[in-house]
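Here is how the chains run, residue by residue.
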Amino acid sequence: MKKFRHELKHYINPLDHAELSCKLKALLKPDENAAKGHYLVKSLYFDNYEDKVLREKVNGYLYREKFRLRLYDSNNSFIKLERRMKLNGLCHKASARITESHCERLLLGDYGVLKEIDSSVAAELYAKIGYQLLRPKSIVEYHREAYVYKAGNVRITIDSDIRASNQPDRFLSEKSLSFRPSKETILEVKYDEFIPQFIKDIIQIHSRQTAAFSKYAAARII
């Protein structure tokens, strides 16, 4: 049975960002990937010629999913294939690690490589490449700060300097993307059943307006 998590997104300004960073660093543990305070996330999203994934987001479908490749700090030795699902505001993510060779073959259109990966996520993407005609579509990268708290399985991220490209073959390149689809900084809060009160107080969750922001949609709507 899939375990769905709560997810809240909020826009924050630079002053808010600086203040939150100080508080979160003092009271929460950094994510294991954030030893230097932040890291670069790069994702390559799949969509079809009818822009199915984009339209489902824009039209506010209660159930939607998307597949993406993801790497961190331009480290091509650690690449993940992910399926992200959303249902009534709750989210679920499943992933599988793939090799740089697998990734290169995918970018070249060799989708049969997915059958060589022992993962239900790879098998599902292979099937949907066949009948939904999903293809690599758009890249998004950004800098992320991430903090975790064990009780409630809380994860708080702050994403900034969002950049994008509609050239999928640039995914494994170490060169930074130049196009900025949004100047927003996004605070995301994910948790299982509850958020401890002191964390609510830090992020002032009740006084913030929830944002329906999608980095992929921002990259595609030019």
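Residues numbered from 1 in each chain as written. Predicted model: local features only at pLDDT ≥ 70, side-chain atom pairs only at ≥ 80, totals over all residues. Heavy atoms only, no water.

## Focus on the pattern of salt bridges
What counts, and what does not: By salt bridge we mean one thing: a side-chain nitrogen of Lys or Arg within 4 Å of a carboxyl oxygen of Asp or Glu. Working definition: helices are DSSP H or I runs of at least four residues, strands are E runs of at least two. Numbering for both runs from the N terminus. Buried means the residue's accessible area, taken with a 1.4 Å probe over protein chains only, is under 20% of the maximum for its type, while exposed means over 50%, and partly exposed covers the values in between.
With the rule as written, the count across this model stands at 26 salt bridges. When the shortest N-O distance is used, the salt bridge between Arg-180 and Asp-161 registers 3.7 Å. Of this pair, Arg-180 sits in the loop between strand S8 (154-165) and strand S9 (185-191) while Asp-161 sits in strand S8; the two residues are 19 residues apart in sequence, bridging distant segments of the chain. Judged by relative accessible area, which is 37%, Arg-180 ranks as partly exposed. Residue classification places Asp-161 among the partly exposed positions, given a relative accessible area of 23%.

## Concerning the layout of surface pockets
Threshold: In the cavity and pocket records, a cavity denotes points on a 1 Å grid over the protein atoms alone where a 1.4 Å probe fits but cannot get out, a pocket denotes an open set with protein on both sides within 12 Å along at least 5 of 7 lines, and lining residues are residues with an atom within 4 Å of a point. Grid points are joined across faces, edges and corners, and a volume is the space filled by probe spheres set on the points. Charged residues are taken to be Asp, Glu, Lys and Arg, nonpolar residues to be Ala, Val, Leu, Ile, Met, Phe, Trp, Tyr, Cys and Pro, and polar residues to be all remaining types, Gly included.
Quantified by volume, the largest pocket comes out at close to 800 Å³. If you go around the largest pocket, you meet 36 residues; those closest to its centre are Arg-68, Arg-70, Arg-84, Lys-93 and Lys-190. For the lining of the largest pocket, the per-class residue count stands at eleven nonpolar, three polar and 22 charged.

## Examining helix H1 (residues 14-27)
The cut-off we apply is this: Residue count minus one, scaled by 1.5 Å, sets the expected span of a helix. Read the arc as the range of directions from the helix axis to the C-beta atoms. By the convention used here, residues are in contact when the closest approach between their heavy atoms is within 4.5 Å.
Taking 1.5 Å as the rise per residue, H1 with 14 residues should run 20 Å; its terminal C-alpha atoms sit 20 Å apart, in good agreement. All of the buried residues along H1 are Asp-16, His-17, Leu-20, Ser-21 and Leu-24. The buried residues of H1 all sit within an arc of 130° when viewed along its axis, so they share a single face. Opposite its buried face, H1 presents the exposed residues Leu-15, Cys-22, Lys-25 and Ala-26, each directed more than 90 degrees away. Of the surrounding elements, those touching the buried residues of H1 are strand S1 (5-12), strand S7 (135-149), S8, S9 and helix H5 (197-203).

## Observations concerning the nonpolar core
When a protein is soluble and globular, its nonpolar side chains tend to lie buried together. The test is simple: We define the nonpolar core as a collection of buried residues of types Ala, Val, Leu, Ile, Met, Phe, Trp, Tyr and Cys that are connected through side-chain atoms lying within 4.5 Å of one another.
The biggest cluster of nonpolar side chains holds 24 residues, and the ones touching the most others in it are Leu-69, Leu-81, Ile-98, Leu-114, Leu-125 and Phe-171. Of all the secondary structure elements, the ones that give two or more residues to this core are strand S3 (39-47), strand S4 (63-72), strand S5 (79-87), strand S6 (90-98), helix H3 (100-107) and helix H4 (120-131). Top contributing element to this core by residue count: H4, with four residues. The residues touching Ile-98, leaving out its near neighbours within four places in the chain, are Leu-69, Ile-79, Leu-81, Cys-103, Leu-106 and Ile-117. Formed by 18 residues, the second largest nonpolar core is a distinct cluster that contains Tyr-45, Ala-164, Ala-211 and Tyr-216.

## Looking at H3
Burial in H3 covers these residues: His-102, Cys-103 and Leu-106. Take H3 and look down its axis: the buried residues cluster within an arc of 95°, on one side only. The inward-facing, buried residues of H3 contact S4, S5, S6 and S7. Positive backbone phi, at 90°, marks Gly-109, one or two positions downstream of H3.

## Let's talk about the packing of aromatic side chains
Rules: Centre distance within 6.5 Å is the pairing criterion for rings of Phe, Tyr and Trp, where only the six-membered ring of Trp is used; planes under 30 degrees apart are then read as stacked, over 60 as edge-to-face, and the remainder as tilted. Both a distance and an angle decide whether a charge sits over a ring: NZ of Lys or CZ of Arg must be within 6 Å of the ring centre and within 35 degrees of the ring normal.
Scanning the model with the defined rule gives four aromatic pairs in all. Considering the side-chain rings of Tyr-45 and Tyr-216, the 5.1 Å spacing of their centres and the 40° angle between planes classify their relative orientation as tilted. Here Tyr-45, found in strand S3, pairs with Tyr-216, found in helix H6 (residues 215-220); they are 171 residues apart in sequence, far enough to count as distant. The two residues Tyr-45 and Tyr-216 agree in class, both being buried. A cation sits over an aromatic face here: Lys-215 above Tyr-142, 4.6 Å from the ring centre.

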